[in-house]
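Summary of the model geometry
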Amino acid sequence: MPNEKDSRTMPAGALKADGDGLRVIGVPRRRVDARAKVTGQTRFADDIFLPRMAHCKLLRSPHPHARIRKIDTKRAAAHPGVYLVLTGKDVPIHYGILPVSQDEQALCVDRVRHVGDPVAAVIAREELTAFEALDLIEVDYEILATISDPEEALATPEPRIHEYGEQGNIHKFVALEFGNVEEGFAEADEIFEDTFFFQGNTHLPIEQHAAVATKDPDGKLTIWSSTQTPHYVHRALAKVLEMPGAHIRVIATPNGGGFGGKSDPFHHEIVVAKAALMLDRPVKICLTREEVFYCHRGRHPVLMKFKTGVKKDGAITGMHLQTLIDGGAYGSYGVASTFYAGALQTTTYHIPRYRYQGCRTFTNKPPCGPKRGHGTPQPRFGQEVQLDKIAEKLKIDPADLRLRIVESPNALTANFFRLGTVNLAECIRRVVKVSGWKEKFHKLPESRGLGLACSAYLTGAGLPIYRNKMPHSGVQLKFDRSGGVSLFCGATEIGQGSDDVLAGIVAEVLGIDTFDIRLFTGDTDLGPVDLGSYSSRVTLMAGNAALQAAERGKAIIAGAVAEKLEVPKERLRFAGKRIFDSAAPEKGVTFQEAVCLAEARFGTIGTVGSYTPPKSPALYKGGGVGPSPTYSYSAAVVEVEVNQVTGWVTVPRIWIAHDIGRALNPTLARGQVEGSVYMGLGEALMEEQEFRRLPKRLSHALVHKYPSILEYKSPTSLDMPEVITELIEEPDPRGPFGAKEVGQGPLLPIMPAVANAVYDAIGVRIDEIPVTPEKIMKALAEKKAGREPRFGPTHFPDIHWPEALRVPPPWEGGDGNAVNDVPRREKLRREKEKVLAP
Amino acid sequence: MSFAPYKTLLEVLREDLGHTGTKHGCELGECGACAVLLDGKPVLSCLVLALECGGSEVLTVEGLGEDGKLHPLQDAFADLGAAQCGYCTPAILVTAKALLDHNPHPTRDQIREAISGNLCRCTGYLQIFEAVEAAMLKIAEQKNSGA
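1. A few points about the overall build of chain A
In terms of regular secondary structure, chain A is built from 20 helices and 32 strands. Each of the three principal axes of chain A carries a C-alpha extent, and together these read 85 × 75 × 65 Å. For chain A, the residues scored as buried account for 61% of the 838 residues in total. Relative to all contacts within chain A whose residues are 6 or more apart in sequence, the contacts with residues 24 or more apart total 79%.

Quick look at the structure:
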């Protein structure tokens, strides 16, 4: 069974993955939930209408930073049709996705920290009535100074946006050093220092967040919500409502797009839950699009500086990365994001010595959080553009340079991440070949160019968000006399196809059709816990759990069939809805008969499976962010055409190769790659979450520049280039049937590949994302004036970094611990003694 | 039927008639998720007052299939990965139907143009184009065989 030991040494699904004869896995097929989607019958949260259902609206702060002196709700409460008005004192308990940042309240009690922070809720018979009554609430605010960006946050310790964090308005410092980086630079033939900026952007799922809560007849609470993480919502509700978790049921409705934006527990979920309990009737909320922009949790704006030493042949001798991260008004996933920004540099190319310093500040803007690629696309952009500059200086082809330095399979990196299969070199070779790179790079006519970039991504976070030793995913199967199989799992369908992944794995093992399986997913009462649809974890983790449950069911059924047919168990095959003797295929029973035989022989048939990732060798503080059972790899070549009069960039074609291990359903895998390319292209060229200050006479407040879909530009069908997708399939023994992630990794190389292509086309460096026509025109003007042909940040501020934790890399005899983390060493020693004590 | 006079077609469809197949992403005419066919032409139902629709034929995703069978567009979208989260799908399906009704053999560029007002954040549009093209062939085949 896959997970009873370290899954690195105990191959899971791959036991049979390299054998042929797979009938479901690897076959392009209609996803199990496709019919519901194309008939409009998928029930999203806002499609739920219950008898006696009331509607909720939130009053949000018009100020980016203010103290709440007083809230008067009397007039709103007396408004005809209003059932209830809630304020912060009704739900005062703090919560937050990470145990270290419990800094949110469902409704602000004494302070608002960004425009859109909710301060009160109205629940009324009609949505329109609730909306009208918002105007009747009077809030007396005392305006506070606002902080608009990280440099201002560094320079402005008071007023503090939060009373916790490192100091002033610095939320989190990270300082880690793996080997002596200065020695690395001393060994280098060339040193490169570059600063980059990656503007924030948002997920923009087409479905606005919505939730419906109801008090069950027995007094318990049920909430349907468009969330990617029902398990974490479950925990937050139990905490804030002070109710036993056993009395709360969270049902994640299929998400109309998530991309990370529905991964936090949200205000509106807590508010409708509280209101439903108080009113004893169902309460619904559906956010407006503007409110979705205020929920945000999107890509952090990051200023970064890379210092990299290389030998003449391209070998990296050392790297020092500094990041300054704009966190927005709350913690959200930010501590993890700050670690992630420095985590994955070592997973693509061999970096023998590495130092990372990260700083996340609070600002008075909607909180940033995890968006597809969580924390890693920004530094990946800088790293891959800098590599392009290195290749040019060393006069090595950018593809060849990368091929020389790719990291090896199963390597233990400088920061103690254990890699799995690594087919990055094959990805590079494939895109070079199919794009005609050698014939085109540097050889296309003026204004046209090619750019190349690579990336890696997690196949599931190796550690849970709250510390525990339980499985990350569980699956239960129930076998029915009808021949049907019911699957129960907490995994959440956000469009990525998690239901189909689970059905595909179970159908393959049991020899049945995916449509013979009924799925009950995303429900905290019905299914075992799955931590959620984030970090590209579901295929590997829930997939391995499903595989284990299916294999156990198969063993039970095989036992009964073997007895009946008088055939050794080992000779039985499960295929085509039959179980038969592989030596004499006509001798067999149908799957339904087999379940009946098994039930008669052993009683009711049900099985469970679970998955726990392998223990990570990264034992230092902060080493919990970045480990994964295995990593996916991507390489992309982007072609651009730049209009030098307008600065407009057209992208006719993108070639991408993705190291996926195995594509469980190639139709969906391709869709994930193309969807990632699309979203990456949006980030590369146009998407940005920008803010502006109102004029001084109008309060000087900081407001969202574009809280609408019309103004927040995203690519339409007219902007989408041709995409040539190559899936590289070497099954990874850690994944079910060898599968690795595909939902996030292919986004990462697009932004740097676009910037590199623009350089090839017109000889200017845009060291900032998005690459807009305005920036191109400015860089072209610099070029024309004979100055550095570049647009991008020119400095990185002086930050008083804390002493770095020094972790000697594996090749210097490191054991994964920091040598100077005395308190942690003491703690670990005491824990060990406790375990060993009689 | 009766409904409040200020309601949009979108609201009447979803709230008064229970046809929740038609979605919304902004209710400002920006995302295209609420498209329906009004007398055969795609309109954004969030920008149309229901009162204005008296005597008109409204087609939503619920009316695409016939005799319990999926429309060829629906089959193609389901088979070819054109629906991921499925939220923009109903509007794109009816918009594509209007295109094929009007122009049975659109080029790739005409398909791009026709759905350019419908945002999809999941697919990158390519599998949608392919599904519309597959449905186009299927419909032509059905016509030729006299079905």
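2. Observations regarding the overall build of chain B
The helix and strand tally for chain B stands at five helices and three strands. Each helix (α) and strand (β) of chain B, taken in turn from the N terminus, gives the series α-β-β-β-α-α-α-α. Taking 15 Å as the expected radius of gyration for a compact globule of 147 residues, we find that chain B reaches 15 Å, a close match to that expectation. Taking the principal axes of the C-alpha coordinates as reference, chain B spans close to 45 × 35 × 25 Å. When each of the 147 residues of chain B is scored for burial, the buried share is 56%. Residue pairs at least 24 apart in sequence account for 60% of intrachain contacts in chain B once pairs closer than 6 positions are excluded.

3. Regarding the sheet that holds strand E3 (residues 82–87) of chain A
All names here are of chain A. Reading across from one edge, E3-E5-E1-E12-E9-E10-E11 is the order of the seven strands in this open sheet, with mixed pairing throughout. Sheet topology places E3 and strand E11 (248–252) at the edges, where each strand pairs with a single neighbour. The average angle at which neighbouring strand axes cross in this sheet is 20°, direction not considered. Pairing analysis gives five bridges linking strand E9 (residues 210–215) to strand E10 (residues 221–225), with the strands arranged antiparallel. In the strand pairing of E10, Thr214 is matched with Thr222. Across the sheet, helix H3 (residues 127–134) touches strand E1 (54–60), E3 and strand E5 (118–124), and the angle it forms with E1 is around 25°. Contacts from helix H6 (residues 230–241) reach E10 and E11, with the element oriented near 150° to E11.

4. Side note on the interface of chain B and chain A
Counting residues at the interface gives 38 residues for chain B, matched by 40 residues for chain A. No other element matches helix H2 (residues 72–79) of chain B, which puts four residues into the side of chain B that touches chain A. Considered class by class, the residues forming the side of chain B that touches chain A number 20 nonpolar, 13 polar and five charged.

5. Some details on the environment of Pro150 of chain A
Mapped onto the elements of the fold, Pro150 of chain A is located in helix H4 (residues 150–155). Discounting chain neighbours no more than four positions away, the residues touching Pro150 of chain A are Leu324, Ile325, Asp326, Thr361 and Thr363 of chain A.

6. Describing helix H1 (residues 9–16) of chain B
Residues and elements named next belong to chain B. With six of eight residues buried, H1 lies mostly within the body of the structure. Of the positions making up H1, those classed as buried are Leu9, Leu10, Glu11, Val12, Leu13 and Arg14. Next to the buried residues of H1 lie strand E1 (35–38). Once H1 finishes, Gly18 follows within two positions and takes phi at roughly 70°, a positive value.

7. Examining the sheet that holds strand E16 (residues 448–458) of chain A
Residue and element names in this part refer to chain A. If you trace the four strands from one edge of the open sheet to the other, you get E16-E24-E25-E28, paired in mixed fashion. This sheet does not close on itself; its edge strands, each paired only once, are E16 and strand E28 (722–728). The average angle at which neighbouring strand axes cross in this sheet is 15°, direction not considered. Pairing between E16 and strand E24 (residues 631–642): eleven bridges, direction antiparallel. Within the sheet, the bridge partner assigned to Ala456 lies in E24 and is Tyr633.

8. A few points about the nonpolar core
The biggest cluster of nonpolar side chains holds 285 residues, and the ones touching the most others in it are Leu487, Leu502, Val506, Ala546, Val754 and Val758 of chain A. Core analysis: the second largest hydrophobic core is formed by six residues, Ile147, Ala153, Ile161 and Tyr330 of chain A among them.

9. Some thoughts on the packing of H6 of chain A against helix H7 (residues 267–279) of chain A
Residues and elements named next belong to chain A. Two elements in contact, H6 and H7, have axes separated by 10 Å at closest approach and are oriented at 55°. Relative to H7, the element H6 is oriented oblique. In terms of crossing hand, the pair formed by H6 and H7 is right-handed. Residues Val233, Leu237, Val240 and Leu241 of H6 touch H7, and the partners they reach there are Glu269, Ile270, Ala273 and Lys274. Taken together, the residues that form the contact of H6 with H7 break down as six nonpolar, no polar and two charged.

10. Some remarks on unusual backbone geometry
All names here are of chain A. The omega torsion of the bond from Glu158 to Pro159 falls at -5°, within 30 degrees of zero and hence cis. Considering the arrangement of structural elements, one finds Pro159 in the loop between H4 and strand E7 (170–178). Residues Ile769 and Pro770 are joined by a peptide bond in cis, for which omega reads 0°. Secondary-structure assignment places Pro770 in the loop between strand E30 (768–769) and helix H19 (773–784). One non-glycine residue, Arg52, lies in positive phi territory at about 65°. Structurally, the position occupied by Arg52 is in the loop between helix H1 (34–38) and E1.

11. A few points about the domain arrangement of chain A
Domain assignment breaks chain A into domain 1 (46–144 + 205–258 + 262–295), domain 2 (470–611) and domain 3 (805–836). The C-alpha-based centres of domain 2 of chain A and domain 3 of chain A are spaced at 42 Å.

12. Considering the environment of Gln110 of chain B
Within the secondary structure layout, Gln110 of chain B lies in helix H4 (residues 108–114). Sequence separation between Gln110 of chain B and Phe129 of chain B is 19 residues, and the spatial gap between their C-alpha atoms is 10.0 Å.

Reading guide: rules and limits
Residues numbered from 1 in each chain as written. Chains lettered and ligands numbered in written order. Predicted model: local features only at pLDDT ≥ 70, side-chain atom pairs only at ≥ 80, totals over all residues. Helix = DSSP H or I, 4+ residues; strand = E, 2+ residues; numbered from the N terminus. Buried ≥ 20, exposed ≤ 12 C-beta atoms within 10 Å, placed from the backbone. Contact = placed C-beta atoms within 7 Å. Rg over C-alpha atoms; globule rule 2.2 N^0.38 Å. Pairing = 2+ DSSP bridges. Axes fitted to C-alpha atoms, helices over the stretch in contact; angles between N-to-C directions. Nonpolar A, V, L, I, M, F, W, Y, C, P; charged D, E, K, R; others polar. Core = buried A, V, L, I, M, F, W, Y, C linked by C-beta atoms within 7 Å. Parallel < 35°, antiparallel > 145°, perpendicular 65-115°, else oblique. Left-handed = near helix turned anticlockwise from the far one by under 90°. Domains from an automatic or database assignment.

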